[in-house]
Amino acid sequence: MRPIELTLEGFRSYRGKVSFDWRDRRLVGIVGPIGAGKSSILDAIAFALYGKTPGVGRDTKSLIHQLCDQAHVSLTFRVDGQVWEAVRAPKRKGQSGHQLLLRSSEEPDAEILETVTQEKQVNERIELLLGMDFQTFCRSVLLAQNRFADFLTATHAERDRVLKGVFGYERLDAAKAAAERRLEREGLVLASLDRERGTIEEARGRLVEARARADAAAEDVRRFDAAAPQVERLAEARRAALVEAEAGRAQIELLQGIGGSLPPGEQVDGVLEAASSAREAVDEAKARLGAAEEARAASDAELASVRDRLGDRAQLRTFEQIVEQHDELARTLERASDAHAAAEAVVEAAGELRDDGTKRAAHAREAAAQAGVRLGEAIAATADARDVLAAAQHAEMAHELQEGLVRGEPCPVCAQRVTALPKRSATAKTVTAARKAAAKAEAAEEGLRARRELLSAEVGSAETAAAEAERRLEESTAARTASAASMRSAEAELTAAKDRLAERLGDGEPRALIQARTSELETAERAAGEAAAEVETARREIDAVRDRADGVQATLAALAGELASAWGALGAKRSLGIALEELRAAYVAVGEELVSRLEAASAVGGEAGERAAASLASLEQVLLGLGLGPEADFHAERAAAGARQAAAAGAIDELETQLARSGELERAMVDAQARHDLARRLAEDLKPGKFLAFLLEEERAELAELGSGLFEALTDGSYRFAADDSFDILDLNAADRTRKAESLSGGETFLASLALALALAEMVARGGGRLDAFFLDEGFGSLDPEHLDRAMAGIERLVADDDRRLVVLVSHVAEMRDAIEDLIVLDKDPRSGDTVVVSGATTHP
């Protein structure tokens, strides 16, 4: 695969349209600052071919420029002498586009010879054209960032997949698969012909059976045709009789419906009886209403007389309120007396509290004064103890310093290093005793100070309690004066209430007098209410009786309408009133007419049913003679016999046609067997066995040998690859000790991977393989200048071995840029971050 031209737009940092022409270019360097879009060129090549990149799998939306809704990538390349163009157009929304075009030449407007669409079909065709899948491509053609070591650290099977792809060995698999498919197809053809031969043998027996079925069907058709006129006649007679019988049944149903719409006789008698009794009930209700109204007038007169003598309920309620006021005033007086007594007790208790608080305050002040005197004495004692301590400290300063001295550290006085601690002296003991005495005096002073503060607080508390007791005494004295005034006021109001009750009710207990008047008034009111209720009951009763009478009248009118409708259904027009005797006579006449007509309709239907039954019996005898059951459909059976005759004739024709092909089939069987034998031999011959494994083993051994020479040269004779196909590392500086590739440093791993890539390219060039392009992304930054020169020399030799080969290097190493003449120089827009093409590519407006 040799790239011709790459065009991308809206892809990663390439917002505008850019084209990279690879024609007549061999060693190309892609340079620029970090983030300028160098690696994106190699990602675009991988994406155009396989629809994904080494760093991004199927998440193609992440490849679209952040300000674009879609991207467009196309790669024109040559493989096996043909020019193809792969086009990918991912979109943020909607279906992405995928195309693979076969063109007649490299020209932009060249004729399109073939078009492949749909992502799956495009990917499968690309793998077939390049002979490698995406992983193989990334291990042998495009070595992306951090992917140089993929082939070096790959498994045995993964390396074989790469070698099969680059040397075209997968064609053996394709040839073997094609042979197996051909063997399967020929086997299917042979099996199909064998089944057809068995079918022909079966056809000989089926032909005899088909001819017998045809003769039997023809006889059935003849018998059915002969009986058809008689069957039609009997069926027609039966249909006519059934129509007449159905008409009789319909008449009976009509008459029964008319009769069913009329009310039963018992109901009619009940309606007529109810109409007669309703009139009598109305008269009785009127009489009861008159008597009730007279009783109510008498009760109302008695109630008015009682109210004139005793007063109404409002006056009685006024009396009750005065009694309630009297009782409440008595309770108020009792509460005022209790409150006055309680106030007297509070005044006495408040005086005692005031006297107690005054005594406590005097005692506390005296104790506080004594504590102040003792505190003054303690302060003087503390000052004396401190003077003694200061004199002792001046007498033996070394003793004080000794407390902070540490052997090996500088002295705080002379700054010299302390080598030995001074011994304690007698004066030092004096200082210690003075310090203890001073501490004891200070503790005593502190205790007396706390005692004085406590007594001072107690003085304040006692004075506060005395003041509070004085305040409560004043308040309780005022409350006692107020309670006495309230008690006198309650006594006066209670006396006034007693006078009012005596004036209005007279002598006696007030509540008993009110109860007697209330009872007499209630009796009169109850009698008046009962009389009014009786009048209301009588009125409701007469209304109900009138409603029932009206309902009976409506029922009579409805009955008259039903009878008139029944006569109308019988074809007679009559109008009826609601007179009781007239309605009774009309009901009887309708019943007699319905009975007469029902008898006539029953006679007609019975005679027609007999004729239909006779016709059916004759028809069943005809069907029995034809071998059919009584429920059989003659016309269907006749049509079925015709169908059986036609089917048998068709089967005979088909079987005779099959038997005519027996000779042709035998010849086809001989030819198919020969083709099957040939396909089987071809599939056996193409079985890989150990042949492909031998080829791959040879390729791996040669790759290891050739790569070892390059690896040793690139590392100054430090490393080679193991002689087997494990591609483990031989450390020549450690007695040829074998190491795993994972133990190499980053720069050593890059050199080992580069050695294998160069060796693989050289082997492909010798054998005419498919690798006409290599893409290397970074990795050179881990090399020192000397090894960088050697790596570059190896790459230049890779280009020199084949003038058709294209090698593209991505790097930001200055030495690499200086060593390559053909450069694609990129930069980055500082504001937008978009790629800016400086040289080596074509931008489009």
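Right above here is the structure, for reference.
Residues numbered from 1 in each chain as written. Predicted model: local features only at pLDDT ≥ 70, side-chain atom pairs only at ≥ 80, totals over all residues. Heavy atoms only, no water.

Enquirer: Mind showing me how you'd approach the overall build of the chain here?
Expert: A count of helices and strands for the chain gives 17 helices and 16 strands. Taking all 845 residues of the chain together, 38% fall into the buried category. Once local pairs closer than 6 in sequence are excluded, the contacts in the chain between residues at least 24 apart make up 70%. (Helix = DSSP H or I, 4+ residues; strand = E, 2+ residues; numbered from the N terminus. Buried < 20%, exposed > 50% of the residue type's maximum accessible area, 1.4 Å probe, protein only. Contact = heavy atoms within 4.5 Å.)

Enquirer: Is there a simple way to explain unusual backbone geometry in this structure?
Expert: The phi angle of most residues is negative, glycine excepted, and most peptide bonds adopt the trans form. The residue R12 is not glycine, and still its phi comes out positive at about 50°. With relative accessibility at 27%, the residue R12 sits in the partly exposed group. In this model, Q118 sits at a positive phi of 75°, which is unusual for a non-glycine residue.

Enquirer: Help me understand the pairing of strand 6 (residues 97-103), please; the structure alone is not making it clear to me.
Expert: One face of the sheet, then the other: side chains in a regular strand alternate in exactly this way. Counting buried positions along strand 6 yields five of seven residues, so the element is predominantly enclosed. In terms of strand pairing, strand 6 meets strand 7 (residues 112-117) through five bridges, oriented antiparallel. Residue pairing across strands places L101 opposite T115, the latter belonging to strand 7. (Pairing = 2+ DSSP bridges.)

Enquirer: Even after reading the chapter, I still don't get helix 1 (residues 38-50), so can you show me in this structure?
Expert: Side chains that are three or four residues apart share a direction in an α-helix, a result of its 3.6 residues per turn. For helix 1, built from 13 residues, the straight-helix expectation of 18 Å at 1.5 Å per residue is met to within 8% by its first-to-last C-alpha distance of 19 Å. Within helix 1, 13 of the 13 residues are buried, which leaves it mostly tucked inside the rest of the structure. Positive backbone phi, approximately 75°, marks G51, located one or two places after helix 1. (Expected span 1.5 Å × (residues − 1).)

Enquirer: Mind showing me how you'd approach the side chain of H65 here?
Expert: Of note, H65 is situated in the loop between helix 1 and strand 4 (72-79). For H65, a relative accessible area of 2% corresponds to the buried category. In terms of polar contacts, H65 uses its side chain to reach the side chain of D834, at 2.7 Å. Look past the residues within four positions of H65 in its chain and what remains in contact with it is G10, R12, S13, Y14, R15, R92 and D834. (Polar contact = N/O pair within 3.5 Å; in protein donor to acceptor, adjacent residues only side chain to side chain.)

Enquirer: Just checking my understanding: could you explain the sheet that holds strand 15 (residues 835-839) for this structure?
Expert: Backbone hydrogen bonds hold the strands of a sheet together, and the pairing may be parallel or antiparallel. Read across the sheet, six strands follow the order 8-12-13-3-14-15 without closing on themselves; strand pairing throughout is mixed. This sheet does not close on itself; its edge strands, each paired only once, are strand 8 (142-143) and strand 15. Bridging between strand 12 (residues 773-777) and strand 13 (residues 806-810) involves five bridges; their strand directions are parallel. Opposite F774, over in strand 13, you have V807 as the bridge partner.

Enquirer: What exactly am I supposed to notice about the environment of A484 here?
Expert: Turning to its location among the elements, A484 is positioned in helix 9 (residues 426-505). Taking C-alpha positions, A484 is 7.9 Å from S337, a pair spaced 147 residues apart along the chain.

Enquirer: How should the pairing of strand 13 be read in this particular structure?
Expert: With respect to burial, strand 13 is a largely interior element, five of its five residues being buried. Side chains of strand 13 alternate between two faces, with L806, V808 and V810 and V807 and L809 buried alike. Bridge count between strand 3 (residues 27-31) and strand 13: four bridges; the pairing is parallel. Paired with V28 across the strands is V808, a residue of strand 13.

Enquirer: Explain the sheet that holds strand 10 (residues 729-731) to me, please; I cannot follow it from the model alone.
Expert: Across the sheet, three strands lie side by side as 9-10-11; this open sheet has antiparallel pairing. Each end of this open sheet is capped by a strand with a single partner; those strands are strand 9 (719-721) and strand 11 (737-739). The average angle at which neighbouring strand axes cross in this sheet is 35°, direction not considered. The pairing of strand 9 with strand 10 spans three bridges and is classified as antiparallel. What sits directly across from F721, in strand 10, is I729. (Axes fitted to C-alpha atoms, helices over the stretch in contact; angles between N-to-C directions.)

Enquirer: Help me understand the packing of aromatic side chains in this model?
Expert: Geometry of an aromatic ring pair is reported as the spacing of the ring centres plus the angle between the planes. Applying the stated criterion to the full structure yields four aromatic pairs. Here F20 and W22 contribute two aromatic rings whose centre-to-centre distance is 6.2 Å and whose plane-to-plane angle is 15°, an arrangement assigned as stacked. No difference in accessibility class separates F20 from W22, as the two residues are buried. Among the aromatic residues, those joined into a cluster by ring pairs are Y14, F20 and W22. (Phe/Tyr/Trp six-rings, centres within 6.5 Å; stacked < 30°, edge-to-face > 60°.)

Enquirer: What is the right way to look at helix 2 (residues 119-130) in this model?
Expert: The end-to-end C-alpha distance of helix 2, which contains twelve residues, comes to 17 Å, matching closely the 16 Å that a straight helix rising 1.5 Å per residue would cover. Within helix 2 the residues assigned to the buried category are V122, N123, I126, L129 and L130. For helix 2, the angular spread of buried residues about the axis comes to 130°, placing them on one side. Among the exposed residues of helix 2, those oriented more than 90 degrees off its buried face are K120 and L128. Just past helix 2, the residue G131 takes up positive phi, approximately 70°. (Arc of directions from axis to C-beta.)

Enquirer: Would you mind going over the nonpolar core with me for this structure?
Expert: Soluble, globular proteins show a tendency: their nonpolar side chains are buried together. If you look at the biggest cluster of nonpolar residues, it comprises 52 residues, and the most contacted ones within it are L6, W22, L49, F77, L130 and F137. Tallying contributions element by element places helix 1 first for this core, with nine residues. (Core = buried A, V, L, I, M, F, W, Y, C linked by side-chain atoms within 4.5 Å.)

Enquirer: I keep staring at the pattern of salt bridges and nothing clicks. Help me out?
Expert: Opposite charge on two side chains permits pairing when their charged atoms draw close. Scanning the entire structure with this criterion turns up 14 salt bridges. Residue R25 is joined to D822 by a salt bridge in which the shortest nitrogen-to-oxygen separation is 2.8 Å. Of this pair, R25 sits in the loop between strand 2 (18-21) and strand 3 while D822 sits in strand 14 (residues 822-828), and the two are 797 residues apart along the sequence. Take D822: its relative accessible area is 24%, and that puts it in the partly exposed class. For R449, the salt bridge identified is with E445, shortest N-O distance 2.5 Å. Of this pair, R449 and E445 both sit in helix 9, four residues apart, which is roughly one turn of that helix. One continuous salt-bridge network, built from bridges that share partners, spans D21, R23, R78 and E106. (Salt bridge = Lys/Arg side-chain N within 4 Å of Asp/Glu carboxyl O.)

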